[in-house]
Amino acid sequence: MNLRELVSALNDFASPSLAESWDNVGLLVEPSPPHSVNTLFLTNDLTEEVMEEAVQKKADLVLSYHPPIFTPLKRVTWKTWKERLVVRALENRIGIYSPHTAYDAIPHGVNNWLTKGLGACTSVPLHPSAAPSSPTEGTHRVEFCADAEHLDAVLSKIKDIPEISCLTTLPARVEGEEQTRVSLNCTQKALLEVVALLSQNSLLYHKTEILLLQKPLLPHTGMGRLCILNEPVSLSDIIERIKGHLKLPHVRVAVGVGRTLESPVKKAALCAGSGSSVLKGTEADLYLTGEMSHHDVLDAVANGISVILCEHSNTERGFLSELRDTLAIHLQNKINIIVSEKDRDPLQVA
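Residues numbered from 1 in each chain as written. Predicted model: local features only at pLDDT ≥ 70, side-chain atom pairs only at ≥ 80, totals over all residues. Heavy atoms only, no water.

- The chain appears in an unreviewed UniProt entry as NIF3-like protein 1 from Dasyornis broadbenti.
- A UniProt comment under Subunit (unreviewed entry) is attached to the chain, and it reads "Homodimer. Interacts with COPS2. Interacts with THOC7." (UniProt positions renumbered as here; feature names shortened; annotations may be inferred.)

See below:
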């Protein structure tokens, strides 16, 4: 497949617009076109060892779940390991694509794969995603009525305010008088200027309505998952299930206050990777994630919530095998897809 055709297909599989605003997703390194992709190489983390593996296996595009370029690079030299990744990629005409939190959000993504470790359950996103493309422009809608005496002057000043869209006027009858109803969409910044303008005329201001515009939420899409198990299971059994699902000999466990290893788990909140900010404040019997801060673990335990930590990438890496099979179908088996054998969590129990 042509690289640009493949990137378009990958974006259709998981829209980059679903990623968190702080993230860096999509095509990060592009060899000079035209660039044909015969082998797609999947990894959780693109380390130098993994890059050498990709070179040896003649990969044309690396799909690295974590973006190897996150903070901006001021130069591309042989000095730092991330700069060397870019050099090696371009020398060997290998593109680099990263989906990261877009794969966290989608219904067929990392978090849904992680729920399978709990056993039979139903799940919903902890933080649902809003529809990335919606006809709604702006964040607020402002509506007010004006008589002929004030209408032209007000409209003239409003049109000078930046970040205003969908400005419409319609005839209206208010308290028996012929007036004009004005409707407009605007951003939060423009809203302050619009309100300041209308407040100069008490008659206009008292007839003003302000509506908050919200994009519709996408079903089964968003960050984290809240899982309700079909049948309660003891914490000790959940631990064994998770270890089996993630193929780990050990996990770290903090037992909630008033609970034991035999206490039942019915409701579990999870987030692949680093889950503190996503899980915080969620009522559940259990938090499952890769890593949390010490103090967030203490808070959870004090609230009677047990915590299972598996190390960051251990909650993500196993998804790659499922992704390989799913992408093969999505891409109609047009290219060879392989999973890295060198990719591993940097931490181990000694």
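### Here we look at the nonpolar core
So, point 1. Residues Y103 and L327 are the most contacted members of the largest nonpolar core, which totals 53 residues.
So, point 2. Per-element tally for this core: the top contributor is helix α1 (residues 3-13), with six residues.
So, point 3. Counting residues domain by domain, this core receives three or more from each of domain 1 (3-99 + 316-339) and domain 2 (106-129 + 220-309).
So, point 4. Apart from the residues lying within four places of it in its own chain, the contact partners of Y103 are F13, A14, L63, Y65, G109, V110, F319, L323 and L327. (Core = buried A, V, L, I, M, F, W, Y, C linked by side-chain atoms within 4.5 Å. Buried < 20%, exposed > 50% of the residue type's maximum accessible area, 1.4 Å probe, protein only. Helix = DSSP H or I, 4+ residues; strand = E, 2+ residues; numbered from the N terminus. Domains from an automatic or database assignment. Contact = heavy atoms within 4.5 Å.)

### Let's talk about the domain arrangement of the chain
So, point 1. For the chain, the assigned domains read domain 1 (3-99 + 316-339), domain 2 (106-129 + 220-309) and domain 3 (140-212).
So, point 2. Placing a centre on the C-alpha atoms of domain 1 and another on those of domain 3 gives a separation of 49 Å.

### Concerning the sheet that holds strand β4 (residues 95-98)
So, point 1. Spatial strand order, β1-β4-β3-β2-β17: five strands in an open sheet with mixed pairing. Of all the strands in the sheet, the pair left with one neighbour each is β1 (26-29) and β17 (336-339). If you compare each strand with its neighbour and ignore which way they point, the axes differ by 25° on average.
So, point 2. As defined by bridge partners, β1 adjoins β4 across three bridges and the pair is classed as antiparallel. By the bridge assignment for β4, V29 is matched with I96.
So, point 3. Sheet strands touched by α1: β1, β3 (61-64) and β4. Its angle to β3, the strand with the most contacts, is close to 20°. (Pairing = 2+ DSSP bridges. Axes fitted to C-alpha atoms, helices over the stretch in contact; angles between N-to-C directions.)

### Here's the deal with the packing of α1 against helix α12 (residues 319-330)
So, point 1. Relative orientation of the contacting elements α1 and α12 amounts to 115°, with a least axis distance of 11 Å. Viewed along their axes, α1 and α12 form a crossing whose handedness is right-handed. Mapping the contact onto sequence places A9, L10, D12 and F13 in α1 and L323, T326, L327 and H330 in α12.
So, point 2. A per-class count over the contact of α1 with α12 returns five nonpolar, two polar and one charged. (Left-handed = near helix turned anticlockwise from the far one by under 90°. Nonpolar A, V, L, I, M, F, W, Y, C, P; charged D, E, K, R; others polar.)

### A word on the pairing of strand β12 (residues 225-234)
So, point 1. As judged from the four bridges shared by strand β5 (residues 121-124) and β12, these two strands associate in the antiparallel manner. Bridge pairing in β12 places C121 opposite L229.
So, point 2. With six bridges joining them, β12 and strand β14 (residues 264-274) adopt antiparallel strand pairing. What sits directly across from C227, in β14, is A268.

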